[in-house]
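Working through the structure, step by step
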Amino acid sequence: MSKIFRVMALCGLVAALPACGDKKDQAAREEAAKKAIQEGAQKEQKMMEGMVKGVETVEKQMTEKKEETKK
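If you're wondering where the values come from, they're calculated on a predicted model, not measured in any experiment. (Residues numbered from 1 in each chain as written. Predicted model: local features only at pLDDT ≥ 70, side-chain atom pairs only at ≥ 80, totals over all residues. Heavy atoms only, no water.)

A few points about the overall build of the protein
What counts is decided by this rule: For the purposes of this entry, the term helix denotes a DSSP run of H or I that reaches at least four residues, the term strand denotes a run of E that reaches at least two, and both are numbered from the N terminus. Classification of residues uses two cut-offs on accessible area relative to the type maximum, computed with a 1.4 Å probe and protein chains only: under 20% is buried, over 50% is exposed, and between them is partly exposed. A 1.4 Å probe and the Shrake-Rupley method give the accessible areas. Residues count as covered only by the protein chains that appear here.
The helix and strand inventory of the protein stands at one helix and zero strands. Counting every position in the protein, which comprises 71 residues, the buried fraction comes to 0%. Of the roughly 7,100 Å² of accessible surface on the protein, a fraction of 63% belongs to carbon and sulfur atoms.

Written out as structure tokens, the structure reads:
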């Protein structure tokens, strides 16, 4: 009976040990994911700003060409 109890306790310890280290790994993965999402959002924002500037430049050029053709 005590041998079965020891085997069960040992199995419980073996099962519990990997779970202890997983919390740190999971926290590191979550931090890396947050950082990657944040960097992606910043890149997307810069890209959108560039697109807006490009559209403004094209609109300005089109307006200038219209004014030149009217003269």
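Section: a nonpolar patch on the surface
For clarity, the cut-off: In this analysis, a patch consists of residues with relative accessible area above 30% that form no salt bridge, clustered at 9 Å for like charges and at 5 Å for the nonpolar side chains Val, Leu, Ile, Met, Phe, Trp and Tyr. By definition here, a salt bridge exists when the distance from a side-chain nitrogen of Lys or Arg to a carboxyl oxygen of Asp or Glu is within 4 Å.
A contiguous nonpolar patch, built from Met-47, Met-48 and Met-51 and spanning about 310 Å² of accessible area, is present on the exposed surface. Position of Met-47 relative to the elements: it lies in helix α1 (residues 2-70).

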